[in-house]
Amino acid sequence: MILENAFISIHEKAVKGTLIYENGTVYIKEKDIDPEITITSPFINAHTHLGDGFIESVPRLDVKSLVGPGGFKAKMLQITDREKIRDSIKYSIKIMNGEYISSFFDFRESGMEGLKLLENLDFGNITPFILSRPAGKELDKTELNELLKLSSGFGMSGINDYPLHFLEEVSLYAKNNNKLFAIHASEAERENIDEILRLNPDFVIHMYNGSIEDFEKLIARDIPIIICPSSAIFFNHKFDTGKFKLDGIKIGIGTDNAMITVPSIRSEMRIAWLYFSMEAEKIIEYSTITMQRFTGKPNNILIFNKKPQKVVRDPFYRPDRFLKINEINFE
Ligand SMILES: [Zn+2]
């Protein structure tokens, strides 16, 4: 099979050209063309908080009052039945499976208790990357050990919510165990990027209020920035989207809190197009290959018989076909 004039975003590379498929082996010939079709890896939702999807009515509060420690969401989690929370997580997983995503990265709050909410859930074809978090602010190595046994690493709220030395220890603990460490950064206000970088994050979430200088430092360290367009709109963050188009930047796309928006990466890609006015091809790249450095390279690809912008603008347009692959050769 020969697929010409394609935009191809698979196996950590985004190129234009021709894809040749022979018995599970793919050959890609790069060519400077105007793409008529779109070929991608399955999408990846780079940031979720699935545990708050049970909240049906969300007050319009600022970030701290709504999702910060001790805020509205934390209180709701305390008073809500565990099965009700699990049911809403199952609903989120159903939405994600309907979009053929390969992985998602969930920030699990509330220590071991929060982690256990996902126990024995059926994720279908999706590989979850669950980033847990210590319940308190005291270093407890037994707790860190237990959490890492059941998760892919740690996902922390923000640098100002903890003493820095605590976060340094938590990060070091993840790294020493070959696990991930990620943190929210400069969401509602600018935070100290040098302190954040001392934590060696694998990726950071938001950065809307980071300066160009902060962005340059993340780019120099090749640290991906995860944007969550719906949540940025909900919280009315005001920022110049131009910095998200700097040369060499690595961006992932996430849906953030399930109580604010359903965890549909396809809808979020559309909103990235509208709100960040990014190129459709970039948005596809960001939602497929940026996070493959953590997830590995999937062995299936999606084929859309339409231009990249159609794929991005229309979250209801599903792939026209799927291919299983064993090997990919870029020429
Ligand atoms: Zn978040």
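Note that the structure is predicted; figures quoted are calculated from it, not measured.

Colleague: Explain the sheet that holds strand E9 (residues 180-185) to me, and be specific about the residues and the numbers.
Modeller: The sheet built from nine strands is open, its strands ordered E12-E11-E10-E9-E8-E7-E6-E5-E13 with parallel pairing. The sheet is open, and its two borders are formed by strand E12 (251-253) and strand E13 (256-257), each paired with just one other strand. In terms of strand pairing, strand E5 (residues 44-49) meets E13 through two bridges, oriented parallel. The partner of Thr 48 across the bridge, within E13, is Asp 256.

Colleague: How would you explain the packing of helix H10 (residues 265-275) against helix H11 (residues 280-288) if you had to name every residue and give the values?
Modeller: Orientation of H10 relative to H11, taken along the N-to-C sense of each, is 145°, at an axis distance of 10 Å. Considering only the axes of H10 and H11, their crossing is right-handed. On the side of H10, the interface is formed by Ile 265, Met 269, Ala 272 and Trp 273, while H11 contributes Ala 280, Ile 283 and Ser 287. Tallied by class, the residues present in the contact of H10 with H11 amount to six nonpolar, one polar and no charged.

Colleague: Tell me about the sheet that holds strand E15 (residues 321-324), and please be specific about residues and values.
Modeller: The seven strands lie next to each other as E15-E14-E4-E1-E2-E3-E16, forming an open sheet whose pairing is mixed. A single partner strand is all that each edge strand has here, and the edge strands are E15 and strand E16 (327-330). Shown here is a sheet whose adjacent strand axes are inclined to one another by a mean of 35°, direction ignored. Each of strand E1 (2-10), strand E2 (13-22) and strand E4 (37-40) is contacted by H11, which is oriented at about 60° to E1, the strand it contacts most.

Colleague: Break down the nonpolar core for me, with residues and values.
Modeller: By size, the foremost hydrophobic cluster in this structure holds 80 residues, and its most contacted members are Leu 131, Ala 182, Ile 183, Val 204, Ile 227, Ala 272 and Ile 283. The element that contributes the greatest number of residues to this core is E9, accounting for five residues. Setting aside residues no more than four positions away along its own chain, Ala 182 makes contact with Leu 131, Gly 155, Pro 201, Asp 202, Phe 203, Val 204 and Ile 205.

Colleague: Now, about unusual backbone geometry: what can you tell me, with residues and values included?
Modeller: Its identity as a non-glycine residue notwithstanding, Asn 120 has a phi of 60°, on the positive side. Within the element layout of this structure, Asn 120 appears in the loop between helix H4 (111-116) and strand E7 (127-132). According to the C-beta neighbour criterion, Asn 120 is exposed, with 6 such atoms within 10 Å. Phi angles above zero are rare outside glycine, and His 206 is one such case at about 85°. Classification of His 206 by C-beta neighbours within 10 Å gives buried; the count is 27.

Colleague: Outline H11, supporting the account with residue identities and numerical values.
Modeller: Owing to its 3.6 residues per turn, the α-helix aligns residues three or four sequence positions apart on the same side. Counting buried positions along H11 gives eight out of nine residues, so the element sits mostly inside the fold. Of the residues making up H11, those classed as buried are Ala 280, Lys 282, Ile 283, Ile 284, Glu 285, Tyr 286, Ser 287 and Thr 288.

Colleague: Give a description of the domain arrangement of the chain that names residues and reports values.
Modeller: Each assigned domain of the chain is listed with its residue range as follows: domain 1 (2-40 + 300-330) and domain 2 (44-295). Once you take the C-alpha centre of each, domain 1 and domain 2 turn out to be 28 Å apart. Counting residues at the interface gives 15 residues for domain 1 and 16 residues for domain 2. Listing elements by their share of the side of domain 1 that touches domain 2, those giving two or more residues are E1, E2, E4 and helix H13 (308-313). Among the residues forming the side of domain 1 that touches domain 2, the class breakdown is eight nonpolar, four polar and three charged.

Scoring rules and cut-offs
Residues numbered from 1 in each chain as written. Predicted model: local features only at pLDDT ≥ 70, side-chain atom pairs only at ≥ 80, totals over all residues. Pairing = 2+ DSSP bridges. Helix = DSSP H or I, 4+ residues; strand = E, 2+ residues; numbered from the N terminus. Axes fitted to C-alpha atoms, helices over the stretch in contact; angles between N-to-C directions. Left-handed = near helix turned anticlockwise from the far one by under 90°. Contact = placed C-beta atoms within 7 Å. Nonpolar A, V, L, I, M, F, W, Y, C, P; charged D, E, K, R; others polar. Core = buried A, V, L, I, M, F, W, Y, C linked by C-beta atoms within 7 Å. Buried ≥ 20, exposed ≤ 12 C-beta atoms within 10 Å, placed from the backbone. Domains from an automatic or database assignment.

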